[in-house]
Amino acid sequence: MDIGRIGAGRFPASYVQKKAQKNTPEADFGSQVQNMEKTQGRVYTVYMPTDDMIYSGGNGSGLSFYIKYAEESTPEDPVVIAKGVDENGKEFEQTIHINRISPRSATLVEMRALEAHLNVDKNGGLSSLPLVEGLEQMGLNDRGDFLRMFEKTIGDMTLLRQKEAAAYYQYSMQTYWDWWDRQK
């Protein structure tokens, strides 16, 4: 095989055949999803945001949910309702009192509720939460020390000389820390 030709857009015949097979008319989006379900045995649910949602999303574990303010929510006691499917595809509904969330021991759903309620700046991204291994696999009931996760992320960004990223995560951590101090 001529390695120089791969960079020039030439591929082994088997690759080209497979590529062509994937692009046949029969391989429309619906059948691709069905094939994925068969091979992976998992269906992912995505909740499209509506005007009354303060959050809609999930993570790589299959946990997917949306959050809305509850009817009984007040400025003194903000309450949200989180609805969705857990990492096993089972539907759930939770009532979360924002003022009772502890970033030292919170679920991902609680932290997303807090993030949305505080309207934390996401720096043009999808999240203000820290970048640590395992966060994307947290299940519905898994708890974590998010302030410690922030410290690790800030340390990692500093080590990588990513000053702007470290400063952003420092800002985010401080936002949650300040809010938590006011709750005590």
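Look above for the structure.
The structure reproduced in this document is the subject of the present report.

What counts, and at which threshold
- Residues numbered from 1 in each chain as written.
- Predicted model: local features only at pLDDT ≥ 70, side-chain atom pairs only at ≥ 80, totals over all residues.
- Heavy atoms only, no water.
- Pairing = 2+ DSSP bridges.
- Helix = DSSP H or I, 4+ residues; strand = E, 2+ residues; numbered from the N terminus.
- Axes fitted to C-alpha atoms, helices over the stretch in contact; angles between N-to-C directions.
- Contact = heavy atoms within 4.5 Å.
- Core = buried A, V, L, I, M, F, W, Y, C linked by side-chain atoms within 4.5 Å.
- Buried < 20%, exposed > 50% of the residue type's maximum accessible area, 1.4 Å probe, protein only.

1. So, the sheet that holds strand S4 (residues 91–97)
As a general point, the strands of a sheet are linked pairwise by backbone hydrogen bonds and lie either parallel or antiparallel. Taking strand neighbours across the sheet as the criterion, the 4 strands line up as S1-S2-S3-S4 in an open arrangement whose pairing is antiparallel. Looking at which strands have only one partner, the edges of the open sheet turn out to be strand S1 (53–58) and S4. Ignoring which end each strand starts from, the neighbouring axes of this sheet average 15 degrees apart. Across the sheet, helix H4 (residues 108–118) is in contact with S1, strand S2 (64–69), strand S3 (79–85) and S4; its angle to S2 comes to roughly 45 degrees.

2. Here's the deal with the environment of Thr-153
When you line up the elements, Thr-153 lands in helix H5 (residues 146–159). The spatial distance from the C-alpha of Thr-153 to the C-alpha of Pro-130 is 6.0 Å, given a sequence separation of 23 residues. For Thr-153, the residues in contact, after removing those within four places along its chain, are Pro-130, Leu-131, Val-132 and Tyr-169.

3. Structural notes on the nonpolar core
One finds Val-109, Leu-135, Phe-146 and Tyr-176 to be the most contacted residues of the largest nonpolar core, which totals 36 residues. Contributing elements (two or more residues each) for this core: S2, S3, S4, H4, H5 and helix H6 (163–183). No other element matches the 7 residues that H6 contributes to this core. With sequence-adjacent residues up to four places away left out, Tyr-176 is seen in contact with Pro-103, Met-111, Leu-114, Glu-115, Leu-118, Val-120, Ser-128, Leu-129, Leu-147 and Phe-150.

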